[in-house]
Amino acid sequence: MDNKYHEKLIVSSSPHMVTKTDTSKIMGTVLIALLPAFAVGIYQFGFRVVTLTAVFVASCVLFEFLYNKITKKPQTVGDLSAVLTGVLLAFNCPSSLPYEIAIVGSFAAIIVVKQLFGGIGQNLVNPAVTARVFMFIAFATPMTSWPTPRGGHATGAVVDATTSATPLGVLSHGSFADVYADGYTKMDLFLGNVGGCIGEVSALAILIGGLFLIWKKVISPIIPVTFIATVFVLGFIWGGFDGALFHILVGGLMLGAFFCATDYVTSPTLPMGKVIFGIGCGLFTMLIRIFASYPEGVSFAILLMNILTPYIDKICEKRMYKLPKKAKEGEK
């Protein structure tokens, strides 16, 4: 096939078809879908959201450019995948994160996770999610220092100088009653008037962006729906309706379900595989949230399911393309 068509293949189960869509258009559409969450992040945490995001994006693009230059590979910075990785990395970090840690995280995402495995389309795990896990383990304190949101119950605080607990952090040391006693309301959780990472606080903003991606047919709704539904069901079992609602509105669930778990490269191809993947993400998320010492489990859950994706694909392919029993007997 002519090289000009190589980036125009939609990753899906057969039959495959060539479209006018290419990588840069897909990445650009995802970036547009992230704008509502970006706007909420700026409002809640101030202008440092812009500068930190710019550092992440610039670092990711620079590392990709330099790697391609040194290894004499075709430049891929124009496909916007490095830009998207930088934005997602920023969205998974507190706005107070030091810039030098952002640069280290960008190096881990682009060089270690993406390029050393062959570049876009060949990485085993999601670069942004994996780099976020790495930064959390390596730089635990700055990665868990949460600036107080401007629209939260500590209204009027200087967001760059004041820290507050996230709803999941409060829950990990108490109950749902403690979360609401701390000043949070269900509407705060939905709109984003809570502490947390830049791009994860507003469930409404992320939902708008996620529905936009589904409407544009950039992502399938299977993984987000099964991921969120699994968390809802398990949240209901452990905490009733309030628990179910709480767990789908807080932390990185919405961001992870719509923008990270749906990564073409690191998620299953077949519909059955997507269902298994979404359920697995939801299950691991809740197991970590409820039983582990760390209050959030979305990134770890997606990373674990990324690793299992090749096996999920293999199992689903065998089931989907299994020969009829008579045909098997005839071959013998």
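If you're wondering where the values come from, they're calculated on a predicted model, not measured in any experiment.

Counting secondary structure elements, the chain contains 16 helices and 0 strands. Here the chain holds 332 residues, and 50% of them are scored as buried. In the chain, the share of contacts with a sequence separation of at least 24, taken over all contacts with a separation of at least 6, comes to 71%. Roughly 15500 Å² of accessible area belongs to the chain as shown, and the carbon and sulfur atoms make up 69% of that amount.

Once that is clear, we can look at the side chain of Thr-226. Within the secondary structure layout, Thr-226 lies in helix H12 (residues 222-249). In this structure the side chain of Thr-226 is engaged in a polar contact, spanning 2.7 Å, whose partner is the backbone oxygen of Ile-222. Setting aside chain neighbours within four positions, we find Thr-226 in contact with Lys-274, Val-275, Gly-278 and Ile-279.

Summed over the entire model, instances satisfying the criterion amount to 2 cavities of 30 Å³ or more. What lines the largest cavity is simply Asn-92, Val-129, Arg-132, Glu-200, Gly-252, Leu-255, Gly-256, Cys-260, Glu-296, Val-298, Ser-299 and Ile-302. Grouping the amino acids of the lining of the largest cavity by side-chain chemistry returns 5 nonpolar, 4 polar and 3 charged.

This part covers the packing of helix H1 (residues 23-33) against helix H11 (residues 203-215). Relative placement of two packed helices is described by the angle separating their axes and the distance separating the axes. Orientation of H1 relative to H11, taken along the N-to-C sense of each, is 150 degrees, at an axis distance of 8 Å. What the angle tells us is that H1 and H11 run roughly antiparallel. Considering how the two elements wind past one another, H1 and H11 form a crossing that is right-handed. The residues of H11 that touch H1, namely those facing Thr-29, Val-30, Ile-32 and Ala-33, are Gly-209, Phe-212 and Leu-213. Across the contact of H1 with H11, the residue classes break down as 5 nonpolar, 2 polar and no charged.

This next bit is on a nonpolar patch on the surface. Together, Phe-107, Val-112, Leu-116, Phe-117, Leu-124 and Ile-307 give the surface a local cluster of nonpolar side chains, amounting to about 540 Å² of exposed area. Mapping Phe-107 onto the fold places it in helix H5 (residues 99-114).

So, on to the packing of aromatic side chains. Scanning the model with the defined rule gives 7 aromatic pairs in all. Seen from their ring centres, Phe-38 and Phe-91 are 6.1 Å apart, and the 20 degrees between their planes marks the pair as stacked. On the criterion of sequence distance, the pair formed by Phe-38 in helix H2 (residues 35-45) and Phe-91 in helix H4 (residues 81-91) is long-range, its members being 53 residues apart. On the accessibility criterion, Phe-91 (0% relative accessible area) is buried. Consider the rings of Phe-134 and Phe-139, whose centres lie 6.3 Å apart with planes at 85 degrees: the pair is edge-to-face. The side chain of Arg-48 reaches across the aromatic face of Tyr-99, ending 4.3 Å from its centre.

Bringing the environment of Ala-128 into the picture now. Positionally, Ala-128 belongs in helix H6 (residues 127-138). For the pair Ala-128 and Ala-82, spaced 46 residues apart in sequence, the C-alpha separation works out to 9.8 Å. Each residue touching Ala-128, except ones within four places of it in the same chain, is listed here: Thr-85, Leu-88 and Leu-89.

Once that is clear, we can look at unusual backbone geometry. Phi is positive for Lys-72, which is not a glycine, with a value near 60 degrees. Structurally, Lys-72 can be placed in the loop between helix H3 (48-70) and H4. The backbone phi angle of Lys-217 is positive, close to 60 degrees, even though this residue is not glycine. Turning to its location among the elements, Lys-217 is positioned in the loop between H11 and H12.

About the cut-offs
Residues numbered from 1 in each chain as written. Predicted model: local features only at pLDDT ≥ 70, side-chain atom pairs only at ≥ 80, totals over all residues. Heavy atoms only, no water. Helix = DSSP H or I, 4+ residues; strand = E, 2+ residues; numbered from the N terminus. Buried < 20%, exposed > 50% of the residue type's maximum accessible area, 1.4 Å probe, protein only. Contact = heavy atoms within 4.5 Å. Areas by Shrake-Rupley, 256 points an atom, 1.4 Å probe, with all protein chains shown as cover. Polar contact = N/O pair within 3.5 Å; in protein donor to acceptor, adjacent residues only side chain to side chain. 1 Å grid on protein atoms, 1.4 Å probe; cavity = no way out; pocket = protein on both sides within 12 Å on 5 of 7 lines; lining within 4 Å. Points joined across faces, edges and corners; volume = space filled by probe spheres on them. Nonpolar A, V, L, I, M, F, W, Y, C, P; charged D, E, K, R; others polar. Axes fitted to C-alpha atoms, helices over the stretch in contact; angles between N-to-C directions. Parallel < 35°, antiparallel > 145°, perpendicular 65-115°, else oblique. Left-handed = near helix turned anticlockwise from the far one by under 90°. Patch = residues over 30% accessible without salt bridge, like charges linked within 9 Å, V, L, I, M, F, W, Y side chains within 5 Å. Salt bridge = Lys/Arg side-chain N within 4 Å of Asp/Glu carboxyl O. Phe/Tyr/Trp six-rings, centres within 6.5 Å; stacked < 30°, edge-to-face > 60°. Lys NZ or Arg CZ within 6 Å of the ring centre and 35° of its normal.

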